[in-house]
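Below are the chains, spelled out letter by letter.
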Amino acid sequence: MHEWRAAAIVGAAVLVVAPAAMAAPPPNDNRANATPIGASASVSGSTAGATTEASDPSTFCGRTDGTLWYSLTNAPRGRLILRLRAGGDLDAYVAVFKVVRSRLSLQGCDATDASGKATLSFNVDPGSVYLIEVARLQGSPDASFQFRLFQPEPSSRPPGTPLPRRGVTSTVDPLVDFDDAWSFPMRPGVPYRINLAPPREKCVGLALYRPGTRSFTNAQPVHSLRCGGYFTITPGPDEGGRYALLVTAQGTRAGAEHYHLAAGAAGKDDTAPGTPLANLQTRRGSLNGRGLDVVDLYRSEVQTRSDVTMRLHASGSASFDLLVLSETGHRLGCACGDSGSQKLTSRLSPGNYFAVVRARRFTHGPYALALLVRQITATQIAFGSGFASPGQAVSVVARVALATAGRVSIRIERFDPLMGWQFARRYRLRLGGGGTASATFVPPTVGRWRARAFYSGTRTSSPSKSGFATLVAR
């Protein structure tokens, strides 16, 4: 800080004017000196003297020329609400950051409105450190402020309103209507499916609680989803009864967050053993990512080591995923994240396998799933003799193991010392008895020749190709 003096000479007298010194920065002006606060705190402060650092993070709530910092540690898991009130003509914003090693992850921010108020909410992970920033917007005068940090009490009580048979469409709000509670009866040993579908690119949370839960605050959920989704559940022995489903807002600022919640018993195509799907068979179905019919499961048997192709046919706007699983649940392939038709090809050993067709959150419509299992073949090629004279006919034979039909292409090449192997001719043959096909080759000149066979495959036999057979003409 620098003082300055102004002097004016009046006659022989000197008048010295010393204006009031500028306000010193607050102790928590620097982020490294953030003031510790708890999960339930009432804070008063002033932006007078507040400055900025070059390393201050930016937000979408505006530019600032003065910041104050507060740190939050050891807060319990759950939701916190922060309400800021700015005094005088102060325009400001409040922001919350999660400390991730050397980085700051913005959890949310809100600028003061015409009444000088700003409000936001955020989720807390136990053991994490959070920084709260109160920032004076550029061009705003200084003034005092107050903010309050607190945990909202769940507005709903278990078990909640009985869920309608066709589900429910409703809204929650991060600040004024934080949660909705619904209830759904389930019996032991019966598989059920539950789907919570929020709007596109929005998040709404869901937690499932056991029958008899008396408080959402103190109970642990059986299953939880932070951003909606689909899952199945089968109650165990002595676990039947009316379950509670708690839907919670996940945004940081006030506003309605829409959702659709549905629950019901699983069908035969929703869980194992699934719908049988045989080789060369096509099954048709339909899915709805906003309803209950989100997943269809199919079961197939592979008897010998084979190339297995699953083809999913759907409209270009349908966002369906196609997965292949082993009978132990190991994922063998996933055509996921795209729209329209999909295809998966895997080389599988004998056993039972499952195909899963899954609708993503916002899509619905019909589809067709086709299975093609082709036995793995092995192709070999050989000349009748390894040596011949120019003009002498030599047989060239292709053999395809585990195939009795189809076509074989035999390609002949000659060796040029300057240019390497060059194409000479090709034979197109039909596979005969014993899985063989043969042709007669007459080397026109001296030199080195080689042959390779390509089996094109059939609906039940996979393609394969041979190595090289060589011939020397001299």
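Since the structure is predicted, the reported quantities are computational estimates derived from the model, not experimental observations. In this numbering scheme, every chain counts its residues from 1 along its sequence in written order. Local features in a predicted model are, by the rule used here, given only for residues with pLDDT of at least 70; side-chain atom pairs are given and counted only at 80 or more, and totals for whole chains, interfaces and linings are based on all residues. To obtain the side-chain values, all non-hydrogen atoms of the structure were included, while hydrogens and water were left out.

### A closer look at the overall build of the chain
At step 1: A count of helices and strands for the chain gives zero helices and 38 strands.
At step 2: The quantity called the radius of gyration is restricted to C-alpha atoms. Its globule counterpart is 2.2 Å times the number of residues to the power 0.38. Compactness check: the chain gives a C-alpha radius of gyration of 36 Å against a globular reference of 23 Å for 474 residues, more than 25% above the reference.
At step 3: Oriented by its inertia axes, the alpha-carbon framework of the chain measures out at about 130 × 75 × 35 Å.
At step 4: For the chain, buried positions account for 46% of its 474 residues.
At step 5: Note on contacts: a residue pair qualifies if any of its non-hydrogen atoms lie within 4.5 Å across the two residues. Counting only contacts in the chain whose residues sit at least 6 apart along the sequence, the fraction spanning at least 24 positions is 72%. What counts as a helix is a DSSP run of H or I of at least four residues, what counts as a strand is a run of E of at least two, and both are numbered from the N terminus. Buried means the residue's accessible area, taken with a 1.4 Å probe over protein chains only, is under 20% of the maximum for its type, while exposed means over 50%, and partly exposed covers the values in between.

### Things to note about the state of the cysteines
At step 1: Only a pair of cysteine sulfur atoms within 2.5 Å counts as a disulfide in this structure description. Scanning all chains against the criterion turns up three disulfides.
At step 2: Across the disulfide, cysteine 334 is cross-linked to cysteine 336 (sulfur-sulfur distance 1.5 Å). Its S-S torsion of about -75° marks the bond between cysteine 334 and cysteine 336 as left-handed, since a negative value means left-handed.
At step 3: The exposure class of cysteine 334 is partly exposed, given its relative accessible area of 28%.

### With respect to the packing of aromatic side chains
At step 1: Classification of ring pairs uses Phe, Tyr and Trp, with its six-membered ring standing for Trp, and accepts pairs whose centres are within 6.5 Å; under 30 degrees between planes counts as stacked, over 60 as edge-to-face, and the remaining range as tilted. This structure, assessed with the given rule, holds nine aromatic pairs.
At step 2: Aromatic side chains phenylalanine 122 and tyrosine 130 sit 5.8 Å apart centroid to centroid with 45° between the ring planes, which places their arrangement in the tilted category.
At step 3: According to the relative accessible area criterion, tyrosine 130 is buried, its value standing at 1%.
At step 4: Ring geometry for phenylalanine 320 and tyrosine 367: centres 6.1 Å apart, planes at 80°, overall edge-to-face. Of the two residues, phenylalanine 320 is situated in strand S25 (residues 320-326) and tyrosine 367 in strand S29 (residues 364-375); the sequence distance between them amounts to 47 residues.
At step 5: Joined through ring pairs, the aromatic side chains of Phe383, Phe441 and Trp449 make up one cluster.
At step 6: We call a charge positioned over a ring when the NZ of a Lys or the CZ of an Arg lies within 6 Å of the ring centre and within 35 degrees of the ring normal. In this structure, arginine 148 packs its charged tip against the face of phenylalanine 150, placed 4.2 Å from the ring centre.
At step 7: The ring of phenylalanine 468 is capped by arginine 450, whose NZ or CZ atom sits 3.9 Å from the centre of that ring.

### Points about the pairing of S29
At step 1: Here strand S22 (residues 282-288) pairs with S29 via seven bridges, running antiparallel. When the sheet's bridge partners are listed, asparagine 288 is paired in S29 with histidine 364.
At step 2: Two strands pair under a simple rule: DSSP has to find at least two bridges between them. In terms of strand pairing, strand S24 (residues 306-314) meets S29 through nine bridges, oriented antiparallel. For alanine 314, the partnering residue across the bridge sits in S29 and is tyrosine 367.

### Notes on the sheet that holds strand S23 (residues 295-302)
At step 1: Pairing within the open sheet is mixed, and its five strands lie in the order S21-S23-S28-S25-S26. Of all strands in the sheet, those bounded by a partner on one side alone are strand S21 (275-276) and strand S26 (331-335).
At step 2: As judged from the seven bridges shared by S25 and strand S28 (residues 351-359), these two strands associate in the antiparallel manner. By the bridge assignment for S28, leucine 325 is matched with phenylalanine 354.

### As for the environment of tyrosine 209
At step 1: Here tyrosine 209 lies in strand S16 (residues 204-209).
At step 2: The class for tyrosine 209 is buried, based on a relative accessible area of 6%.

### Regarding a positive patch on the surface
At step 1: Candidates for patches are residues over 30% relative accessible area with no salt bridge; among them, like charges are joined within 9 Å and nonpolar side chains (Val, Leu, Ile, Met, Phe, Trp, Tyr) within 5 Å. Only the protein chains shown count as cover for residues, and the accessible areas themselves come from Shrake-Rupley with a 1.4 Å probe. Salt bridge, as used here: a side-chain nitrogen of Lys or Arg that lies within 4 Å of a carboxyl oxygen of Asp or Glu. His is not counted, nor are the chain ends, whereas Lys and Arg count as positive and Asp and Glu as negative. Just so you know, the charge point we use is NZ for Lys, CZ for Arg, CG for Asp and CD for Glu. On the surface, Arg83, Arg85, Lys117 and Arg148 cluster together into a positively charged patch.
At step 2: By the secondary structure assignment, arginine 85 is in strand S6 (residues 78-86).

### Digging into the side chain of histidine 260
At step 1: Mapped onto the fold, histidine 260 is located in strand S20 (residues 257-265).
At step 2: A relative accessible area of 14% means that histidine 260 is categorised as buried.
At step 3: Whenever two N or O atoms come within 3.5 Å, that pair is a polar contact, provided that in protein one can donate a hydrogen and the other can accept it, and provided that, for residues adjacent in sequence, both atoms are side-chain atoms. Among the polar contacts made by the side chain of histidine 260, one reaches the main-chain carbonyl oxygen of valine 168 at a distance of 3.2 Å.
At step 4: Excluding residues within four positions of it along the chain, histidine 260 makes contact with Arg166, Gly167, Val168, Thr169, Asn195, Leu196, Ala197 and Arg290.

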